[in-house]
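Understanding the architecture of this molecule
What follows is the residue order along each chain.
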Amino acid sequence: MTQSLSVSSQNDTFFRCSFFSSTPALIHRNSYSFHQASKKSRNIFISVTCASPKIVRSPSLDKHIVTHNRTRFVQKLKTLLLSKPKHYIPIHILSKCRSYLSLPKPKSIRSMIHRYPMIFEVFAVPMPPTPLNATKSGYQQCVRLTPAAAALAAQEISLKSTISNTLADKLQKLLMLSSHRRLLLSKLVHLASDLGLLPNFRSRLCNDYPDKFKIVDTSYGRALELVSWDPQLAVPMPCAETKSLGLIVDRPLKFRHLKLRKGLNLKRRHRNFLIKFGELPDVCPYNTSSEEFPKESLQAEKRACALVREVLGMMVEKRTLIDHLTHFRKDFGLSNNLRAMILRHPELFYVSPKGIRNSVQLVEEFDEKGVLLKRDETLLIKEKLMELVREGKKMRRERRKQSIFGNCIDECCSDGGHDEVDELDNNDDDGFENLFESADSDLDYHFDDDGSFELEDHWENGELWTASSVLTNKDGQCITPW
């Protein structure tokens, strides 16, 4: 990560501040400028290096990424099913969609479908007559959404159709942020799900608002072009409200305060850089272009941070993949080392290492516990979908326990031991902890006085386990030894 700051003086001195990983501070002079000092003004290049900031994990923010990764297969298969006219797909055809479903080769598609019984169901459909099997009649296994999942999908489609004007404003703002007021549709697909757009936004939403944008053909493919500039939308997000420090006397702080999330400690050089960076005047990403500032200047980085902040603010969950942002580097005028710039500003962004690819989140939109401050309406439908996933997981757990402990559960139910069954179903363990502690278990024997054996004499004589010993109970009947 490199950042340069040029300062003009009488000697034309240039200061360069660069951030490299584990490199000591160096101060050197340019040999070429040193030899030319006698002819022209002397140029001194000062390079200050410090360690690259490491990713300090935040469990409260990582849990959103973990939840999204667990439902990735559900979301993709649901989108694939809704794209078909009859909303079902044969299972043998799904084997050709492994790359889209993000399933490696060893995993079975059928096992992944049975993993979510409350969302997907498998049914048989007669095979269509073809010349190869005209005389044969058979059935093929297909997958479709359950009635509960289909109702949630219909509710989501109706909700997004009612807020289509808000979704169109998001697309218009993205076009206003771009340098050429034009974005390829193939790139917008990467951000469609994070923005809350429907899968058919290219054919529906992009054509329903001709007063805002239109689809044009370019040499790189079809693109969405801005038609009209809306000054009401060209307003940056307001700054996050700073909480009061609870001081007794309301007076200015002696030292400059940098707001960071809990558990994040930075080095002094990095902290001082962020404090000086925050004191720079704000740059509006709508009214300024990347060509107005040098590429390695602080003003260019100030604009880039404001632009990424605007894009993340449009997302439903205030996060997206860093790889998705890199697709728009040339369109938004961002630097090539975009990930390094995001890591350099932990006061604004958080990079989560969870998952195969890193995600970036807008820190100011979450509280200390990692809860979104402003919840989108579409998030409620996603939470209902997560409830179905949890119910399906509980159903699979109960079926697995019934297959393993079927006889024990039937005996407990017949004896009236319902408490043990409920406790077994509610726990997440495998059921072996309470196996030997149950009151109805056949492995625990309690000898009462009525049926007890008189073994004191045999213990004294030491003849309990001998073949010649004879055991008798209270009735005088002989009992043969083992």
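Residues numbered from 1 in each chain as written. Predicted model: local features only at pLDDT ≥ 70, side-chain atom pairs only at ≥ 80, totals over all residues. Heavy atoms only, no water.

**Let's talk about the overall build of the protein**
Applicable threshold: To qualify as a helix, a DSSP run of H or I must reach at least 4 residues; to qualify as a strand, a run of E must reach at least 2; elements of each kind are numbered from the N terminus. Residues are treated as being in contact if the distance between any of their heavy atoms lies within 4.5 Å.
Within the protein, the secondary structure is distributed over 19 helices and 14 strands. For the protein, long-range pairs separated by at least 24 residues make up 64% of all intrachain contacts whose partners lie at least 6 apart in sequence.

**Observations regarding the pattern of salt bridges**
Operational definition: One side-chain nitrogen of Lys or Arg within 4 Å of one carboxyl oxygen of Asp or Glu is enough to make a salt bridge. Per-residue accessibility, obtained with a 1.4 Å probe over protein chains only, is compared with the maximum for each type, and a residue is labelled buried under 20%, exposed over 50%, and partly exposed between these values.
Considering all chains together, one arrives at 14 salt bridges under this definition. Measuring nitrogen to oxygen at the nearest pair gives 3.2 Å for the salt bridge that ties Arg 182 to Glu 225. Residue Arg 182 is found in strand β7 (residues 182-184), and its partner Glu 225 is found in strand β9 (residues 221-226); the two are separated by 43 residues along the sequence. A salt bridge links Arg 344 to Glu 301, with the nearest nitrogen and oxygen atoms 3.1 Å apart. Of this pair, Arg 344 sits in the loop between α15 (338-343) and β11 (349-352) while Glu 301 is found in helix α12 (residues 298-314), placing the two residues 43 residues apart along the sequence. Like Arg 344, the residue Glu 301 is buried in the burial classification. A single network of salt bridges, built from pairs that share partners, joins Lys 78, Glu 156 and Lys 160.

**Considerations on unusual backbone geometry**
With a phi close to 60°, Ser 102 is a non-glycine residue in the positive phi region. Tracing the chain through its elements places Ser 102 in the loop between α5 (98-101) and α6 (109-114). Of note in the backbone geometry, Arg 181 takes a positive phi value of approximately 55° without being a glycine. Position of Arg 181 relative to the elements: it lies in the loop between α8 (164-177) and β7. Overall, Arg 181 belongs to the partly exposed group, its relative accessible area being 29%.

**Considering the side chain of Ser 359**
Within the element layout of this structure, Ser 359 appears in strand β12 (residues 359-362). Judged by its relative accessible area of 4%, Ser 359 falls in the buried class.

**Things to note about the nonpolar core**
Worth spelling out the cut-off: To form a nonpolar core, buried Ala, Val, Leu, Ile, Met, Phe, Trp, Tyr and Cys residues must be joined to one another through side-chain atoms within 4.5 Å.
By size, the foremost hydrophobic cluster in this structure holds 58 residues, and its most contacted members are Leu 188, Leu 224, Phe 332 and Phe 349. Element by element, the count of residues in this core is highest for α12, at eight residues. Apart from the residues within four sequence positions on either side, Phe 332 is in contact with Leu 174, Leu 177, Ser 178, Ser 179, Leu 183, Arg 303, Leu 307 and Val 311. Phe 73, Leu 103, Ala 153 and Leu 159 belong to the second-largest nonpolar core, a separate cluster that totals 26 residues.

**Considerations on the environment of Pro 281**
Positionally, Pro 281 belongs in the loop between α11 (268-278) and α12. Its relative accessible area of 64% is what places Pro 281 among the exposed residues.

**Comments concerning the sheet that holds strand β4 (residues 88-90)**
For clarity, the cut-off: The pairing criterion is simple: DSSP has to find at least two bridges between the two strands. The axes are straight lines fitted to the C-alpha atoms, using for helices just the contacting stretch, and the angles between their N-to-C directions are given from 0 to 180°.
Judged by pairing direction, the sheet is antiparallel, and its three strands sit side by side in the order β4-β6-β5 without closing on themselves. Edge positions in the sheet fall to β4 and β5 (120-126), since each has one partner strand and no second. Looking at each pair of strands side by side, their axes are set apart by 35° on average, direction ignored. As paired elements, β4 and strand β6 (residues 139-145) share three bridges and run antiparallel to each other. Residue Pro 90 lies in a different strand from β6, and its bridge partner there is Cys 142.

**Structural notes on the pairing of β6**
Bridge analysis of β5 against β6 gives seven bridges, and the strand direction is antiparallel. Looking at β6, one finds that Ala 124 is bridged to Gln 141.

**Examining the sheet that holds β12**
Sheet architecture is open: three strands sit in the order β10-β12-β11, paired in antiparallel fashion. Sheet topology places β10 (319-321) and β11 at the edges, where each strand pairs with a single neighbour. The mean angle between the axes of side-by-side strands here comes to 25°, regardless of whether they run parallel or antiparallel. Pairing of β11 with β12, which is carried by four bridges, proceeds in the antiparallel orientation. Its bridge partner lying in β12, Val 351 is registered against Val 360. Here α12 sits on the sheet in contact with β10, β11 and β12, set at roughly 90° to β12.

**Digging into helix α16 (residues 377-404)**
To keep it simple, the criterion reads: Any helix carries an expected span of 1.5 Å times its number of residues minus one.
Between the first and last C-alpha of α16 there are 42 Å, a value that for 28 residues agrees with the 40 Å anticipated at 1.5 Å per step. Those residues of α16 that sit buried are Thr 378, Leu 379, Ile 381, Lys 382, Leu 385, Met 386, Leu 388, Val 389, Gly 392, Arg 397 and Lys 401.

**Things to note about a positive patch on the surface**
Condition: A patch consists of residues exposed above 30% relative accessible area that lack any salt bridge, with like charges linked at up to 9 Å and nonpolar side chains (Val, Leu, Ile, Met, Phe, Trp, Tyr) linked at up to 5 Å. Values of accessible area rely on a 1.4 Å probe in the Shrake-Rupley scheme; residue burial ignores everything except the protein chains shown. Only four residue types enter the charge count: Lys and Arg as positive, Asp and Glu as negative, with His and the chain ends excluded. Throughout, a charge is located at the NZ atom of Lys, the CZ atom of Arg, the CG atom of Asp or the CD atom of Glu.
Together, Arg 70, Lys 107, Arg 115 and Lys 393 make up a region of like positive charge exposed at the surface. Residue Arg 115 is classed as partly exposed on the basis of its relative accessible area, which comes to 41%.

**Digging into the packing of aromatic side chains**
Note the following rule: By convention, a stacked pair of Phe, Tyr or Trp rings (six-membered ring in the case of Trp) has centres within 6.5 Å and planes under 30 degrees apart, an edge-to-face pair has planes over 60 apart, and any other such pair is tilted. Think of it as a cone above the ring: NZ of Lys or CZ of Arg counts as a charge over the ring if it is within 6 Å of the ring centre and within 35 degrees of the ring normal.
Per the counting criterion, the structure on display carries six aromatic pairs. Ring centres of Phe 328 and Phe 332 lie 5.4 Å apart, and the angle between their planes is 15°; on these two criteria the pair is classed as stacked. The exposure class assigned to Phe 328 is buried, which follows from its relative accessible area of 1%. Through a chain of ring-to-ring contacts, three or more aromatic side chains come together here, namely Phe 73, Tyr 116 and Phe 120. The side chain of Lys 76 reaches across the aromatic face of Tyr 100, ending 5.7 Å from its centre. The ring of Phe 277 carries Lys 302 above its face, with NZ or CZ at 4.7 Å from the centroid.

**Considerations on helix α7 (residues 147-162)**
Heads up, the rule is: In this context, the arc is that of the directions from the helix axis out to the C-beta atoms.
An ideal rise of 1.5 Å per residue puts 22 Å on 16 residues; α7 measures up with 23 Å between its terminal C-alpha atoms. Within α7, the full set of buried residues consists of Ala 149, Leu 152, Ala 153, Glu 156, Leu 159 and Lys 160. Mapping the buried residues of α7 onto a view down its axis gives an arc of 130°, with all of them on the same face. Exposed positions of α7 whose direction lies more than 90 degrees from the buried face are Pro 147 and Thr 162. Buried residues belonging to α7 abut α3 (72-82), β6, α8 and α16.

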